Amino acid sequence: GSLVLFTSLLAACYKPLQAKTPNALTRATAFLHREYTTKLYWWDAVELARRLVLTGFVLLIPEKSAFLRLVVATLVCSFYAV
């Protein structure tokens, strides 16, 4: 839910952010992109996706496969670091 919402809001802000012409939407969604450069305005959505995968998707792996959970979480973090 929130990942889709954030991503769609950032997609709607793409042109005004690239043209550096703020409008009402870019000002209202500034909390999503204010701390990033214009090229990396979408990074907050990527960070949210990482958190959702680590806290949601990894928990879908059965508890008896704790080692697999650890491996998947490590791979996600490693991929994110690259």
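What counts as what
Residues numbered from 1 in each chain as written. Predicted model: local features only at pLDDT ≥ 70, side-chain atom pairs only at ≥ 80, totals over all residues. Heavy atoms only, no water. Helix = DSSP H or I, 4+ residues; strand = E, 2+ residues; numbered from the N terminus. Rg over C-alpha atoms; globule rule 2.2 N^0.38 Å. Buried < 20%, exposed > 50% of the residue type's maximum accessible area, 1.4 Å probe, protein only. Areas by Shrake-Rupley, 256 points an atom, 1.4 Å probe, with all protein chains shown as cover. Lys, Arg positive; Asp, Glu negative; His and termini not counted. Charge placed at Lys NZ, Arg CZ, Asp CG, Glu CD. Core = buried A, V, L, I, M, F, W, Y, C linked by side-chain atoms within 4.5 Å. Contact = heavy atoms within 4.5 Å.

(A) How the structure looks around the overall build of the chain. Counting its secondary structure elements, the chain contains six helices and zero strands. In sequence order, the chain lays out its α and β elements as α-α-α-α-α-α. Taking 82 residues into account, the globule formula puts the C-alpha radius of gyration at 12 Å, and the chain, at 16 Å, lies well above it. Along the longest, intermediate and shortest principal axes, the C-alpha atoms of the chain span 50 × 25 × 15 Å. Counting every position in the chain, which comprises 82 residues, the buried fraction comes to 23%. Accessible area of the chain: about 6,000 Å², with a carbon and sulfur share of 70%. For the chain, the distance from the average position of its 9 positive side-chain charges to the average position of its 4 negative side-chain charges is 9 Å.

(B) Quick look at the nonpolar core. Core analysis: the largest hydrophobic core is formed by six residues, namely Leu10, Cys13, Leu17, Leu32, Tyr41 and Ala45. Other than its neighbours up to four places away in sequence, cysteine 13 contacts Leu25, Thr26 and Thr29.

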